[in-house]
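The lines below spell out each chain.
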Amino acid sequence: MNPIRYISTRGAQTPLAFKDAVMTGLARDGGLLIPDRIPDVAARLEEWKDLDYPDLAFEIIRLFTDDVPEARLKELIAAAYASFAHPEVVPVRKVGRLHVLELFHGPTLAFKDVALQFLGRLFEEILEERQGRLNILAATSGDTGSAAICGVRGQERIHIFVMHPHDRVSDLQERQMTSVLDANVFNLAVKGSFDDCQLIMKTLFSDLPFKDRHELGTVNSVNWARVLSQIVYYFYAAFRVFEETGAAQVQFTVPTGNFGDILAGWYAKRMGLPISRLVLATNENDILARFFNTGVYAKGQVVPTVNPSMDIQVASNFERWLYYKVGSDPKAVARLMTQFALEGRMEIPRDAKGRVDLEIVAGSSDTRRTLATIKRYHEKHNYLLDPHTAAGVFVAEQYDELDDPMICLSTAHPAKFPDAIEDATGQDLAHHPALDALKKAPTRCEVVENSIDAIKTYLAARAL
Ligand SMILES: *Cc1c(COP(=O)(O)O)cnc(C)c1O
């Protein structure tokens, strides 16, 4: 069979091999890169079901790569997941009627480590082979920044510049980033808002001479390697729950922001994992829940919430799903995305029963319900949910009508959000030794003006 190649959802990108797709990030025509086919692994489930996490990851990831030598790929995967504190990497816990998939045992205690610990090592491998260099620029309001920093810290061929809004991220999240003292890590506190940071990002990436001169790159969730590495835990969790319950199918609930995580579950289903459906959970920023209930994808205003990693206006990975939804027609994707860019709205036809999709259903939580869910699970099950996971659990409970076991993805350790836990339970319960230790750790961070020129000058002086 021909090796897998990566094509654009908008159709105008020469097909790329895996490593080039990883280094490219976004396709040149503005679309997202997707594999030119989805392997069917239904016949291999029996053979895979007892594999440990790194071996399972190797079996799945190798199907999508043909240009990393297999022995090397195996080492990269082993090293990435050796950084996790739990022997199972992503254990599944039975909590009441639900199965909670704990994705937060990585070094920054958020599920983004699953992808970024692998992506960081993959970058290193490719840059070493190509004798290349990369200057990563990122804007963060919280979680992504520390997971990205942790994925590439100490590397010789990468400098990472992470902008966060000065005095507007939680003290804990700021410390998780600024306590990393490796010489290749640059934390910038921009005197402005998160939107200002994103605007600076956008402007620098559209300044092509500047971008090319400094080999600027990103680690954002449109990178295919991030989605790919997340497919693995859907298989791993389903195998654990099949074993425990004897069920033949499972469902998953996913606290969703940029749609990367749930998209990985959708690929797992397409590959032949018996998932009856995926339940998408949002907070008050419910563009995706509204879409899956009405077929209308329309921008709203972002409101700040207790689960900030789900506060999005536009879900960057949605376009990949849309591609398959419109019958793998890149012209239709381009038309819809252009319409959305111009009008802030697009619409997908519903079926005769009024349904938008048969594989993904969606609901939303809000601050009050999320905090009540945290309190209830703590009292009833002695289990602490972080506010992202709790929004998912709340929505999962609304979709309890199928017999298939429900697996809820737990995307962060509760200790990352101590204020929400205290608001919910009235007690200071959420701790983790790694986070408590940060209070005394030395930090390094540069406060910079909210100005494109100031950031440009800063970057030009310190880029590799
Ligand atoms: C990023 C993040 C999410 C959202 O995941 P997406 O892939 O963007 O949908 C949910 N919870 C936490 C804790 C996160 O960091």
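Up top is the structure.
Definitions and limits used
Residues numbered from 1 in each chain as written. Predicted model: local features only at pLDDT ≥ 70, side-chain atom pairs only at ≥ 80, totals over all residues. Heavy atoms only, no water. Pairing = 2+ DSSP bridges. Helix = DSSP H or I, 4+ residues; strand = E, 2+ residues; numbered from the N terminus. Near = heavy atom within 4 Å. Polar contact = N/O pair within 3.5 Å; in protein donor to acceptor, adjacent residues only side chain to side chain. Areas by Shrake-Rupley, 256 points an atom, 1.4 Å probe, with all protein chains shown as cover. Nonpolar A, V, L, I, M, F, W, Y, C, P; charged D, E, K, R; others polar. Buried < 20%, exposed > 50% of the residue type's maximum accessible area, 1.4 Å probe, protein only. Right-handed = clockwise from strand over helix to strand, strands pointing away.

This part takes up the sheet that holds strand β6 (residues 158-165). Here we have 5 strands laid out as an open sheet, ordered β8-β5-β6-β7-β15, and parallel in their pairing. Both edges of this open sheet fall to β8 (216-217) and β15 (446-448), since each of them pairs with a single strand only. Pairing of β6 with strand β7 (residues 185-190), which is carried by 6 bridges, proceeds in the parallel orientation. Bridging from a neighbouring strand, Pro165 pairs with Val190 of β7.

This part takes up the site of the ligand. Residues in contact with the ligand amount to 14 residues; listed here are only the nearest, Lys112, Asp143, Gly257, Asn258 and Thr411. Gly257 places a main-chain nitrogen or oxygen 2.7 Å from an oxygen atom of the ligand. In this structure, an oxygen atom belonging to the ligand sits 3.4 Å away from a side-chain N or O atom of Ser309. Computed on the free molecule, the ligand has an accessible area of 390 Å², of which 97% lies beneath the protein chains in the complex. Of the residues that constitute the shell around the ligand, the class distribution is 4 nonpolar, 7 polar and 3 charged.

Here the focus is unusual backbone geometry. With a phi close to 45°, Glu215 is a non-glycine residue in the positive phi region. Inspection of the secondary structure assignment puts Glu215 in the loop between α9 (208-213) and β8. One non-glycine residue, Phe259, lies in positive phi territory at about 75°. Mapped onto the elements, Phe259 comes out in the loop between β9 (250-255) and α11 (260-270). Residue Phe259 is classed as buried on the basis of its relative accessible area, which comes to 1%.

On to the pairing of β7, then. Of all 6 residues in β7, 6 are buried, a share of seventy percent or more. Burial along β7 is two-sided: Val185, Asn187 and Ala189 and Phe186, Leu188 and Val190, pointing in opposite directions, are all buried. Crossover β6 to β7 through helix α7 (residues 171-178) is right-handed. Bridging between β7 and β15 involves 3 bridges; their strand directions are parallel. Its bridge partner being in β15, Val190 is matched across the sheet by Val448.

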